[in-house]
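For reference, the chains in residue letters:
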Amino acid sequence: MSEIALTELAMRLGHAFAQPELLAQALTHSSAVNEQGGSSNERLEFLGDAVLGLVVAQRLFSQFPGAPEGVLSRLRASVINEAALAAVARGLGLGAQLVLGRGEERDGGRDKDALLADAVEALFGAVYLDAGMAAATTMIERLLAASLAALSAASTRDAKTQLQERVQASERCTPAYELVSQEGPPHARVFVVAVSWHGREHGRGAGKSKKAAEHAAAIAALATLT
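Residues numbered from 1 in each chain as written. Predicted model: local features only at pLDDT ≥ 70, side-chain atom pairs only at ≥ 80, totals over all residues. Heavy atoms only, no water.

**A word on the packing of aromatic side chains**
Condition: Pairing of aromatic rings covers Phe, Tyr and Trp, the last through its six-membered ring, and needs centres within 6.5 Å; plane angles under 30 degrees mean stacked, over 60 mean edge-to-face, and all others mean tilted. The rule for a charge over a ring is simple: NZ of Lys or CZ of Arg within 6 Å of the ring centre, and within 35 degrees of the ring normal.
Inspection of the entire model under this criterion finds 0 aromatic pairs. Over the ring of Tyr-177 we find Lys-160; its NZ or CZ atom is 4.7 Å from the centre of that ring.

Structure (structure tokens):
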């Protein structure tokens, strides 16, 4: 990959690499290393996956203070998944910049979701090593702005209203909420509510009131529809 191409990509990423070799490595698939030697992006991908997970987890933790772990995990999966990361890669024109082996090139590796998503995670790892967590966070939030904005919208609008609108539009029915349990002493009661439609449970949430539990259940159900 030429130095000019690396510089142009760095500009699209919004990060000037002090160690441009990290950017080059982030774009190098193992198939190329098998043929040409050098270092692949696999280790950077491993690191970038962890950095990305932490950035998104912190965002979710602050935006959804009442959401249980299961809901947070599903929301995270709606942002961090192969298809979403591959879309980011395509927006950056990353496929054309990948360094691939001849076999992977013939197999259409430049447009494979898995390879593109791996390269995006490797880029996050490269930025983290090059400039630290703050720089990686800035880039992640910019490249995933649309997905994170959707989460912001979910946190500022009533989740039950959102769920009702979506279910009525797609399923022609209304979600039903059922109190599953209430435990603990009166001053520290925890309510658990399930939401379902067409006789099937689609989300479950807990809260210090029935209303809070219904809201958490709606968030959980919305995460499955994302």
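**Considering the nonpolar core**
The cut-off we apply is this: To define a nonpolar core, start from buried Ala, Val, Leu, Ile, Met, Phe, Trp, Tyr and Cys residues and group those joined through side-chain atoms within 4.5 Å. Categorising residues by exposure relies on relative accessible area from a 1.4 Å probe, with only protein chains included: less than 20% of the type maximum marks a residue as buried, more than 50% marks it as exposed, and the intermediate range marks it as partly exposed. Here a helix means four or more residues in a row that DSSP labels H or I, a strand means two or more in a row labelled E, and each is numbered from the N terminus. In this analysis, two residues are considered to be in contact whenever any of their non-hydrogen atoms come within 4.5 Å of each other.
If you look at the biggest cluster of nonpolar residues, it comprises 62 residues, and the most contacted ones within it are Leu-13 and Leu-23. Counting residues per element, this core draws most heavily on helix H8 (residues 113-131), which supplies 10 residues. If near-sequence neighbours (up to four positions away) are discounted, Leu-23 is found in contact with Leu-6, Leu-9, Ala-10, Leu-13, Phe-17 and Leu-123.

**What about the environment of Glu-178?**
Inspection of the secondary structure assignment puts Glu-178 in strand E1 (residues 176-183). Classification of Glu-178 as exposed rests on a relative accessible area of 54%. Each C-alpha atom, one on Glu-178 and one on Ser-196, is 8.2 Å from the other, the two residues being 18 residues apart in sequence. Those residues in contact with Glu-178 that sit more than four places away from it in its chain are Val-192, Val-193 and Ala-194.

**What to know about the sheet that holds strand E3 (residues 200-207)**
The strands that make up a sheet pair up through hydrogen bonds in the backbone, lying either parallel or antiparallel. For clarity, the cut-off: At least two bridges found by DSSP between two strands are what make those strands a pair. Each axis is a line fitted through C-alpha atoms, taken for helices only over the stretch in contact, and angles between the N-to-C directions span 0 to 180 degrees.
With respect to topology, 3 strands assemble into an open sheet ordered E1-E2-E3, the strand pairing being antiparallel. Strands with a single pairing partner mark the edges of an open sheet, and in this sheet they are E1 and E3. For this sheet the average axis-to-axis angle between neighbouring strands, irrespective of direction, equals 20°. Taken strand by strand, helix H11 (residues 159-171) contacts E1 and strand E2 (190-197), and its axis lies near 20° from that of E2.

**Comments concerning H11**
Here is the rule we go by: To estimate the expected span of a helix, count its residues, drop one, and scale the result by 1.5 Å. Each direction from the helix axis to a C-beta atom contributes to the arc, which is the arc of those directions.
Under the 1.5 Å per step criterion, the end-to-end length of H11 is 17 Å for 13 residues, consistent within 8% with the ideal 18 Å. Buried within H11 are the following residues: Ala-159, Gln-162, Leu-163 and Val-167. Each buried residue of H11 lies within a common arc of 120° when the element is viewed along its axis, so the set occupies one face. Looking at the residues trailing H11, positive phi occurs at Arg-172, about 60°.

**What about the pattern of salt bridges?**
Spelled out, the test is: Between Lys or Arg on one side and Asp or Glu on the other, a salt bridge is scored when a side-chain nitrogen of the former is within 4 Å of a carboxyl oxygen of the latter.
Here the structure, examined in full by the defined rule, presents 8 salt bridges. With a shortest N-O distance of 3.0 Å, Arg-90 and Asp-111 are connected by a salt bridge. On the criterion of sequence distance, the pair formed by Arg-90 in helix H6 (residues 82-92) and Asp-111 in the loop between helix H7 (102-106) and H8 is long-range, its members being 21 residues apart. Judged by relative accessible area, Arg-90 falls into the partly exposed class, the value being 39%. With its nearest N and O atoms 2.9 Å apart, the salt bridge here joins Glu-201 to Arg-204. Glu-201 gets classed as partly exposed once you look at its relative accessible area, which sits at 40%.

**Quick word on the pairing of E1**
Alignment of E1 against E2, held across 7 bridges, turns out to be antiparallel. Looking across to E2, one finds that Glu-183 is bridged to Val-190. Connecting E1 to the antiparallel partner E2 that follows it, the hairpin turn spans 6 residues, and Gly-184 within it adopts a positive phi of roughly 95°.

**Some points on the pairing of E2**
Most of E2 is tucked away, with 6 of its 8 residues classed as buried. In this antiparallel pair of consecutive strands, E2 and E3, the connection spans 2 residues, and His-198 shows a positive phi of 55°.

**Regarding the confidence of the model for the protein**
Operational definition: Within a predicted model, pLDDT stands for the predictor's per-residue confidence, ranging from 0 to 100.
The predicted model of the protein averages 88 in pLDDT, with 95% of residues at 70 or higher. When pLDDT is averaged over each helix and strand of the protein, the minimum, 69, is found for helix H10 (residues 145-156) and the maximum, 96, for H8.

**Focus: the environment of Ala-5**
Topologically, Ala-5 is positioned in helix H1 (residues 3-13). Residue classification places Ala-5 among the buried positions, given a relative accessible area of 15%. Considered as a pair, Ala-5 and Gln-97 are 92 residues apart in the sequence and their alpha carbons are 7.7 Å apart.

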